[in-house]
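Structural features, examined
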Amino acid sequence: MASAKKPGTRTPRGPMSKTTRTWLIRGAVAALAGLILGGAGGVVTVRTLEPGRANAVDSVQAVLDSIARGTIPEPTAAERDVESKRQADSASQAAQTADSAAKEEVLLPVPDVVGLEEGPARDKLLEAGLLVGDVQFRASSSPAGIVLATTPPGGSLLASSGTVSLVISDGRSPADTLFTPQRHPAP
């Protein structure tokens with residue numbers, strides 16, 4: 001039979017409970033394991049990133065030492081080939097960019113298509129070497145499908161691959177689009 005605890009008495013405990021000690025030991029073991037594994041992982045990673053290569057400097061420290069002495073190792077033939085290929089590719093890309101920029105610099109006049117229907121207006125823009133961009137519809141007293149305006153306007157100069165935006169009539173007069181609330185008689 002268990003003895004009843006008397007009021008006002010404390011259960012004797014040491015400076016640290018058993019649970020606290022257990023968690024402290026587990027934490028210390030985890031920290032130690034992390035240090036060991038982290039250090040080993042670092043060594044493996046360094047060896048993986050800097051594998052030995054024939055006729056090449058194998059260590060960052062060796063490179064830094066040679067720079068401090070003023071003797072920088074000459075690149076190998078393979079390294080020179082890679083660098084010359086990279087420079088040739090870069091020059092080729094620059095030439096292609098210059099060619100495409102020269103092609104884009106050709107300016108074409110924008111034909112005046114205001115008053116035409118949308119289909120013939122598109123055809124006229126394509127024949128001029130231009131593309132149709134955004135198309136917006138606006139209320140107008142003009143019949144539906146008639147071009148009201150272009151951006152840029154007719155007669156302007158535009159790059160050969162430029163786009164012309166169209167504003168087309170939707171066939172409704174501006175008065176038709178106004179909202180007038182209807183009042184309903186109260187019952």
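Further up the page is the structure itself.
Below: a short report on this structure. None of these values were measured; they are calculated from a predicted model. (Residues numbered from 1 in each chain as written. Predicted model: local features only at pLDDT ≥ 70, side-chain atom pairs only at ≥ 80, totals over all residues. Heavy atoms only, no water.)

What to know about the sheet that holds strand β2 (residues 131-138)
The test is simple: At least two bridges found by DSSP between two strands is the condition for calling them paired. Each helix is a run of DSSP H or I of at least 4 residues and each strand a run of E of at least 2, with the numbering of both proceeding from the N terminus. To obtain an axis, a line is fitted to C-alpha atoms, over the contacting stretch when the element is a helix, and the angle between two such axes runs from 0 to 180 degrees between their N-to-C directions. Throughout, a contact is declared for two residues whenever any of their heavy atoms are within 4.5 Å.
If you trace the 3 strands from one edge of the open sheet to the other, you get β2-β5-β3, paired in mixed fashion. Each end of this open sheet is capped by a strand with a single partner; those strands are β2 and β3 (147-151). Mean inter-strand twist for the sheet, computed between neighbouring axes without regard to direction, equals 25°. Of the pairings in the sheet, the one linking β3 to strand β5 (residues 163-169) comprises 4 bridges and is antiparallel in character. The residue bridging A149 from the neighbouring strand is V167, located in β5. Each of β2, β3 and β5 is contacted by helix α4 (residues 118-127), which is oriented at about 155° to β2, the strand it contacts most.

With respect to the packing of aromatic side chains
Heads up, the condition is: Note on aromatic contacts: the rings of Phe and Tyr and the six-membered ring of Trp form a pair at centre separations within 6.5 Å, being stacked when their planes are under 30 degrees apart, edge-to-face when over 60 apart, and tilted otherwise. In our convention, an over-ring charge means Lys NZ or Arg CZ found within 6 Å of a ring centre and within 35 degrees of that ring's normal.
One pass over the full model with this rule turns up 0 aromatic pairs. One Lys or Arg, R26, reaches over the ring of W23 and ends 4.8 Å from the middle of that ring.

Brief notes about the pattern of salt bridges
Threshold: Between Lys or Arg on one side and Asp or Glu on the other, a salt bridge is scored when a side-chain nitrogen of the former is within 4 Å of a carboxyl oxygen of the latter. Residue burial is assigned from relative accessible area. The probe radius is 1.4 Å, only protein chains are included, and a residue is buried under 20% of its type maximum, exposed over 50%, and partly exposed in between.
Scanning all chains against the criterion turns up 3 salt bridges. Two residues, K85 and D89, come together in a salt bridge whose shortest N-O distance is 3.3 Å. Here K85 and its partner D89 are both found in helix α3 (residues 77-104), 4 residues apart, which amounts to about one turn of the helix. We classify K85 as exposed; its relative accessible area is 53%. One salt bridge in this structure joins E118 and R122, with 3.1 Å as the shortest N-O distance. Note that E118 and R122 are positioned in helix α4 at a spacing of 4 residues, about one turn of the helix. On the basis of relative accessible area, E118 is assigned to the partly exposed category, the value being 22%. Its relative accessible area of 31% is what places R122 among the partly exposed residues.

Re the nonpolar core
Basically, it comes down to this: Definition used in this section: a nonpolar core is a set of buried Ala, Val, Leu, Ile, Met, Phe, Trp, Tyr and Cys residues joined via side-chain atoms within 4.5 Å.
Among the nonpolar cores identified, the biggest contains 11 residues, and these are L108, V110, V113, A121, L125, L130, V147, L158, V164, L166 and I168. Taken together, the elements giving at least two residues each to this core come down to α4 and β5. Of the residues forming this core, the biggest block, 3 residues, is contributed by β5. Leave out the neighbours within four places in its chain, and V113 touches A121, K124, L125, V147, T150 and L166.

Observations concerning the side chain of S140
Just so we agree on the cut-off: Pairing of N or O atoms within 3.5 Å defines a polar contact, subject to two protein rules: one partner must be a possible hydrogen donor and the other a possible acceptor, and residues neighboring in sequence count only if both atoms are side-chain atoms.
Relative to the helices and strands, S140 is located in the loop between β2 and β3. Assessed through its relative accessible area of 11%, S140 is described here as buried. Within the local environment of S140, its side chain forms a polar contact with the backbone nitrogen of S142, the two atoms lying 3.1 Å apart.

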